[in-house]
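# Report on the structure
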Amino acid sequence: METLSLNKSYGGMQGVYRHESEATGTPMTFSVFVPEGEGPFPVLTYLSGLTCTHANVTEKGDYRAACAQHKIIFVAPDTSPRGDYVPDDEDYDFGKGAGFYVDATQAPFAQYYQMSSYIERELPEILAANFPVDMSRQGITGHSMGGHGALTIGLRHPRTFKSVSAFAPICHPSDVPWGQKAFKGYLGEDRAAWRQYDAVCLIEDGARTQQIMVDQGTEDQFLVEQLRPEALEAACKEAGIKLTLRMQPGYDHSYYFISSFMAEHIAWHAAALKR
């Protein structure tokens, strides 16, 4: 693992790292904030949205003060494999920067786009080997496409990820343009193969987690066409999952929105991850 940068912040250390990934077959970059102290600390993984890298939340997420206060390690991986040899698409919502946290099965993407395996298996192994993390206390969160990833990974692995939240997630990707394009390209035309990567479908098929928190801006330009929080709300109600859905008046889809509520999400995860 290569250290790209280290900066002290709120008594802790913000680092950016790169390693050769077995899952994706490419170098992968991620950032980690470790609070001051000996640890081990609970860990919160944040999954970013379309077009983003680890840098977006690292530079604009306003999480370090809250993580220092609650003694939580904050991890931010990239959204897809990178490299000139990695297949891509001209549109922003598919290919590099848009991995959708799935394990692709369709050529030419299957060789590299194994983001589900990377987040669920490889990255935790890297964290456990290199940082003072308590792997029995893991939470997951994310924004937009990353909110979709957080919900689906949390639902598939409730024993690993003890707390799940999201900012403006793509709640029902099988039913919206962003998700349909990505799933067809990465997974093929068989919609049954999509269900393990759709939060609403996972809940319909029996996946459960104790509770979920979602913040959604009312002025989000993607709310109606792409995000569908009402579908998640209905699925959770039917399944008996405790969903805290907070519609935040006047907020859009940007990091101005995310940073406004990040500290509250970290406090919520901290409470859920107490021993």
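A few points on the structure.

How each quantity is defined
Residues numbered from 1 in each chain as written. Predicted model: local features only at pLDDT ≥ 70, side-chain atom pairs only at ≥ 80, totals over all residues. Heavy atoms only, no water. Helix = DSSP H or I, 4+ residues; strand = E, 2+ residues; numbered from the N terminus. Rg over C-alpha atoms; globule rule 2.2 N^0.38 Å. Buried < 20%, exposed > 50% of the residue type's maximum accessible area, 1.4 Å probe, protein only. Contact = heavy atoms within 4.5 Å. Areas by Shrake-Rupley, 256 points an atom, 1.4 Å probe, with all protein chains shown as cover. Lys, Arg positive; Asp, Glu negative; His and termini not counted. Charge placed at Lys NZ, Arg CZ, Asp CG, Glu CD. Phe/Tyr/Trp six-rings, centres within 6.5 Å; stacked < 30°, edge-to-face > 60°. Lys NZ or Arg CZ within 6 Å of the ring centre and 35° of its normal. Expected span 1.5 Å × (residues − 1). Bend = angle between axes of the 7 residues up to and from the residue. Polar contact = N/O pair within 3.5 Å; in protein donor to acceptor, adjacent residues only side chain to side chain.

## Comments concerning the overall build of the protein chain
- When helices and strands are counted, the protein chain shows nine helices and nine strands.
- Expected size for 275 residues packed as a compact globule is a radius of gyration near 19 Å; at 17 Å, the protein chain falls within 12% of this value.
- Scored against the burial criterion, the 275 residues of the protein chain give a buried share of 59%.
- In the protein chain, the proportion of contacts linking residues at least 24 apart, taken out of those at least 6 apart, comes to 71%.
- Taken as a whole, the protein chain presents about 11,200 Å² of accessible surface, with 47% of it coming from carbon and sulfur.
- The centroid of the 23 positive side-chain charges in the protein chain is displaced by 7 Å from the centroid of its 34 negative side-chain charges.

## With respect to the packing of aromatic side chains
- Here the structure, examined in full by the defined rule, presents 17 aromatic pairs.
- An aromatic cluster is defined as three or more aromatic residues linked by ring pairs; in this entry it consists of F94, F109, Y113 and Y186.
- Between R64 and the ring centre of Y63, over which it is positioned, the NZ or CZ distance is 4.8 Å.

## Side note on the side chain of H269
- By the secondary structure assignment, H269 is in helix α9 (residues 255–272).
- Classification of H269 by relative accessible area gives buried; the value is 0%.
- The contacts of H269, once residues within four sequence positions are left out, are L44, G139, I140, T141, S163, V164 and S165.

## Some words on the environment of A272
- Tracing the chain through its elements places A272 in helix α9.
- Put simply, A272 and R137 are 135 residues apart on the chain and 8.9 Å apart in space, counted from C-alpha to C-alpha.

## Overview of α9
- For α9, which comprises 18 residues, the first-to-last C-alpha distance of 24 Å matches the rise-based estimate of 26 Å (1.5 Å per residue) to within 8%.
- A maximum bend of about 45° is found in α9 at F261.
- Of the positions making up α9, those classed as buried are Y255, F257, I258, S259, F261, M262, H265, I266, W268, H269 and A270.
- With a side-chain oxygen positioned 3.2 Å from the backbone nitrogen of Y256, the residue opening α9 is S254.

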